[in-house]
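Listed below, chain by chain, are the residues.
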Amino acid sequence: MFNTERQAVEAQVRSYLESHAIPAPDEFQWSSIPFSGEWGISTSFFQTAAQEARTRGREAGPRVPVPQRAQEIAEEVAEFIGTPPGFSRVEAVRGYLNLYFSTGEFSRRVIDSALEEGAAFGSGRRKGEQVMVEFSQPNTHKAFHVGHLRSAILGDVLCRILEFSGYDVVRANYFGDIGLHVIKWLWNYMKHHAGEQPPEDITKWMGELYAEANRRLEENPDLEKEVREVYARWDRGDEEVVDLWKTTRQWSLDGFFKIYEILDISFDRLYSNSEAEKPGKQVVEQLIEQGIADDERPEGPVIVRLDDLLGLKKEKYRVLVVLRSDGTALYSTEDLALAIMKFQEYDLARSLYVVDVRQSLHFQQVFKTLELAGYPWADRCIHLPYELVNLPGNVVIASREGTVVLLEDLIREAESRAREVVEEKNPALTEAQKQSIARAVGLGALKYPMLARDNAKIVTFDWQTALDFNGQAAPYIQYAHVRANSILRRQEGLLPEPLTPQHELDPTEIELIEQISRLPNEVQRAAEEYKTLHITNLAYDLAKSFNNYYMQCPVLQAEPGVRDARLRLTAAARQAIANLPVSYTHLTLPTKRIV
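Below or above, wherever it landed, is the structure these notes cover. Note that the structure is a prediction, hence the values are computed from the model and not measured.

Section: the overall build of the protein
Next up, step 1: Across its full length, the protein holds 22 helices and 14 strands.
Next up, step 2: Dimensions along the principal axes, computed over C-alpha positions, put the protein at roughly 90 × 80 × 35 Å.
Next up, step 3: The buried share of the protein, reckoned over its 595 residues, is 52%.
Next up, step 4: Restricting the contact set of the protein to residue pairs at least 6 apart, pairs at least 24 apart contribute 73%.
Next up, step 5: Surface summary for the protein: the accessible area is close to 27600 Å², and the carbon and sulfur share equals 47%.
Next up, step 6: Of the side-chain charges in the protein, 68 are positive and 88 negative, and the distance between the mean point of each set is 2 Å.

Below is the structure:
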């Protein structure tokens, strides 16, 4: 926002350094001064002092210690540049040049930027780099349960953050559409449910049939031979079995995408186990030819002794099994092929895998195997591990037994609980309005806890916290957006024209402006660190600051000049909340625009 002023200061500083034969840096590094009631930026002269000492050498006489010399240069520069336009004061402290902005001017810049840039406020310039994020990865022919929730939400929001920060993002999903679980389902359907069509709750029904298949097989283990026969028929391309597999796989996908639509999640590329199986076997043959994999068939599997190949004496990567002794594929077989497919199809700067923490060693092994095989992009494959979600009562999720909490049921419960709150707070709303708000509040309540914890920490979910309108939860953030809308709806006509506040800003106004100004930097930080919590923390801080401002500062009742400034600040806060990449559809409520 102050690029012109900063560049003018840099030109002055460079001029001073050059005129005094002090080495000038190729590029000045600026950082924000920690906010304490006023805003500023700072640059250090330690490197300059060190470079000067190296350049002048011993012939210049006794060396001045670098910290002392850095402070001398900072003081000289501060005296030379005075107080540049746009700044309120300049100081030299411990080798740093600190420049503080005029409070009124800074406030105007922040507010004007938010309102002029609108939906783009906080976003980064296009980086010209493509990043793929693979997430969700449910298995067809099983229920879509709560165990899939964090991957789906975390992956989606990481995509939103990366896109908003300036990356070109490819959203990918990798379905488990073949394997013993699928064959068990097909066997049970063919024998006991032939011709049945799925009901409206597709994934629930698919999960029930899978659990039923396991119960039948546990009660009568002799039936396993029938399952093996179905697997053999599928493997040799039997038309009946393959056609049924394709049809029922699509039933699963249809059910999944109903849930994705509710969650406002989309994908650009769908991969599947079946698509990667044959290419994976070809990759394994190449590894054998390269001497990377040891083929111990038929007595044993095909393995990659990673620690031995790397000459490691201490166990780190261990041994990766890449093909079973009978020649059938494993997850590793398919993941090797999948990585290659991704980089063949797209020009990726990075390929991110949002998969739970229990697969950490697996991905280390797969990526290291690709590196040994000579793929130059192997180090651009990054596993983003996440921990699991604990539900009230420590519910154990097990698709095999059918003891699952279905995601559809959790969404319905979220909406139902949110609807009770809506009925209590706004009984006069129409039925359509109540339902719309309940959906937004309910989904926000589900999403926020998944995003507000470090990826590597377990999320313990409980309804009381998730639906708290006064705490660190989505409804609290949504309510701040609603309050801003409420003020702006009562404003008749256009927003006031841009202005520099002439009144003494209340501390709550200054704090709110500070939180709005953080959005661009926090977006970049979250994108580089792959941490959604940076944005959820800002969302809470922003909502809290707005609510404090709302309680302390009259807007519509203020005198005209103050009223105009506060109307613009309110509109800027609303825009910043709406732009948070964790919010989008479900953390903010519908906005009535002022044009």
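Observations concerning the pairing of strand 4 (residues 96-101)
Next up, step 1: A large share of strand 4 lies buried, amounting to five of its six residues.
Next up, step 2: Note: strand 2 (residues 40-44) against strand 4, five bridges, orientation antiparallel. Paired with Thr 43 across the strands is Leu 97, a residue of strand 4.
Next up, step 3: With six bridges joining them, strand 3 (residues 87-93) and strand 4 adopt antiparallel strand pairing. Opposite Val 90, over in strand 4, you have Leu 99 as the bridge partner.
Next up, step 4: Where strand 3 hands over to strand 4, the hairpin turn is made up of two residues, of which Arg 94 adopts a positive phi near 50 degrees.

Focus: the side chain of Lys 447
Next up, step 1: With respect to the helices and strands, the residue Lys 447 is situated in helix 15 (residues 431-451).
Next up, step 2: Nearest to the buried, unbridged Lys 447 among oppositely charged side chains is Asp 156, at 4.4 Å.
Next up, step 3: A polar atom in the side chain of Lys 447 sits 2.9 Å from the backbone oxygen of Leu 263.

Examining the nonpolar core
Next up, step 1: Core analysis: the biggest nonpolar cluster contains 115 residues, and Val 13, Phe 45, Val 77, Leu 97, Val 133, Ile 516 and Leu 580 have the highest contact counts within it.
Next up, step 2: Of all the elements, helix 5 (residues 149-165) adds the most residues to this core, at ten residues.

Brief notes about the sheet that holds strand 3
Next up, step 1: The antiparallel open sheet is built from four strands, whose spatial order is 1-2-4-3. Both outer strands of the open sheet, strand 1 (31-32) and strand 3, are each paired with one neighbouring strand and no more.
Next up, step 2: Here strand 1 runs beside strand 2; their pairing, made up of two bridges, is antiparallel. In the strand pairing of strand 2, Ser 32 is matched with Ile 41.

Here we look at the packing of aromatic side chains
Ring pairs (aromatic) are described by centroid distance and by the angle formed between their planes.
Next up, step 1: Counting across every chain of the model gives 31 aromatic pairs.
Next up, step 2: Measuring from centroid to centroid gives 4.3 Å for Trp 39 and Phe 106, while their planes differ by 15 degrees, and the two rings are stacked. Of this pair, Trp 39 sits in the loop between strand 1 and strand 2 while Phe 106 sits in helix 4 (residues 103-117); the two residues are 67 residues apart in sequence, bridging distant segments of the chain.
Next up, step 3: Plain terms: the ring middles of Tyr 189 and Trp 251 are 5.9 Å apart, the flat faces sit at 70 degrees to each other, and that makes the pair edge-to-face. Here Tyr 189, found in helix 6 (residues 180-192), pairs with Trp 251, found in helix 9 (residues 239-263); they are 62 residues apart in sequence, far enough to count as distant. Both residues of the pair, Tyr 189 and Trp 251, count as buried.
Next up, step 4: Directly above the aromatic system of Tyr 167 lies the positively charged group of Lys 127, at a separation of 5.2 Å from the ring centroid.

Re the packing of helix 18 (residues 507-517) against helix 20 (residues 533-552)
The geometry of a pair of packed helices is captured by two quantities: the angle between their axes and the separation between those axes.
Next up, step 1: Contact geometry for helix 18 and helix 20: axes closest at 9 Å, N-to-C directions at 155 degrees. On the basis of their axis angle, the class for helix 18 and helix 20 is roughly antiparallel. The handedness of the crossing between helix 18 and helix 20 is left-handed. For the pair helix 18 and helix 20, contact is made by Thr 508, Glu 509, Glu 511, Leu 512, Gln 515 and Ile 516 and by Leu 538, Asp 541, Leu 542, Ser 545, Phe 546, Asn 548, Tyr 549 and Gln 552, respectively.

Side note on the packing of helix 4 against helix 18
Next up, step 1: It is the contact of helix 4 with helix 18, at a shortest axis distance of 10 Å, that shows an interaxial angle of 50 degrees. Considering their axes alone, helix 4 and helix 18 lie oblique with respect to each other. Along this stretch, helix 4 crosses helix 18, giving a crossing that reads as left-handed. Each of Phe 106, Ser 107 and Val 110 in helix 4 lies in contact with helix 18, whose residues at this interface are Ile 513, Ile 516 and Ser 517.
Next up, step 2: Split by residue class, the contact of helix 4 with helix 18 holds four nonpolar, two polar and no charged.

Considerations on the pattern of salt bridges
Two side chains bearing opposite charge may form a pair once their charged atoms approach each other closely.
Next up, step 1: Tallied over the full model, the rule gives 43 salt bridges.
Next up, step 2: Between Arg 160 and Asp 156 there is a salt bridge whose closest N-O contact spans 3.0 Å. Taken together, the residues span about one helical turn, with Arg 160 and Asp 156 both in helix 5 at a distance of four residues. Both residues of the pair, Arg 160 and Asp 156, count as buried.
Next up, step 3: The closest approach of N and O atoms between Glu 345 and Arg 269, which form a salt bridge, is 2.9 Å. Note that Glu 345 is positioned in helix 12 (residues 331-345) and Arg 269 in strand 7 (residues 269-272), a separation of 76 residues in sequence.
Next up, step 4: Taking the relative accessible area as the measure of exposure, Glu 345 reaches 37% and is therefore partly exposed.
Next up, step 5: The class of Arg 269 is buried, set by a relative accessible area of 16%.
Next up, step 6: Overlapping salt bridges bring together Arg 518, Glu 522, Arg 525, Glu 529 and Asp 541 as one network.

About the thresholds
- All chains use their own residue numbering, which begins from 1 and follows the written sequence.
- Under the rules for a predicted model, residues below a pLDDT of 70 receive no local features and side-chain atom pairs below 80 are neither given nor counted, while totals for whole chains, interfaces and linings still include all residues.
- Only hydrogens and water are set aside when side-chain values are computed; all heavy atoms of the structure are taken into account.
- Helix numbering and strand numbering both begin at the N terminus, where a helix is a DSSP run of H or I of at least 4 residues and a strand a DSSP run of E of at least 2.
- Burial classification: accessible surface area is computed with a 1.4 Å probe over protein chains only, and a residue below 20% of its type maximum counts as buried, one above 50% as exposed, and the rest as partly exposed.
- Contact between two residues is taken to exist if any of their heavy atoms lie within 4.5 Å; hydrogens are not considered.
- Only the protein chains shown count as cover for residues, and all accessible areas are computed by the Shrake-Rupley method using a 1.4 Å probe.
- In this tally, Asp and Glu contribute negative charge and Lys and Arg positive charge; neither His nor the terminal groups of the chain are included.
- In plain terms, the charge of a residue is placed at NZ if it is Lys, CZ if Arg, CG if Asp and CD if Glu.
- The criterion for strand pairing is that DSSP finds at least two bridges linking the strands in question.
- Here, a salt bridge means any Lys or Arg side-chain nitrogen found within 4 Å of an Asp or Glu carboxyl oxygen.
- We call two N or O atoms a polar contact when they sit within 3.5 Å, provided that within protein one can donate a hydrogen and the other can accept it, with sequence-adjacent residues counted only if both atoms are side-chain atoms.
- Residues belong to a common nonpolar core when they are buried Ala, Val, Leu, Ile, Met, Phe, Trp, Tyr or Cys residues joined through side-chain atoms within 4.5 Å.
- The criterion for an aromatic pair is that two Phe, Tyr or Trp rings (for Trp, the six-membered ring) have centres within 6.5 Å, with stacked assigned to planes under 30 degrees apart, edge-to-face to planes over 60 apart and tilted to the rest.
- Cation placement over rings: the criterion is NZ of Lys or CZ of Arg within 6 Å of the ring centroid and within 35° of the ring normal.
- Note on geometry: axes are C-alpha line fits, over the in-contact stretch for helices, and angles between N-to-C directions span 0 to 180 degrees.
- Every angle not falling under 35 degrees, over 145, or within 65 to 115 is termed oblique; those three ranges are roughly parallel, roughly antiparallel and roughly perpendicular.
- Handedness of a crossing is defined here by the sense of rotation of the near helix relative to the far one, left-handed for an anticlockwise turn of less than a right angle and right-handed for a clockwise turn.
- Residue type decides the class: Asp, Glu, Lys and Arg count as charged, Ala, Val, Leu, Ile, Met, Phe, Trp, Tyr, Cys and Pro as nonpolar, and the leftover types, Gly among them, as polar.

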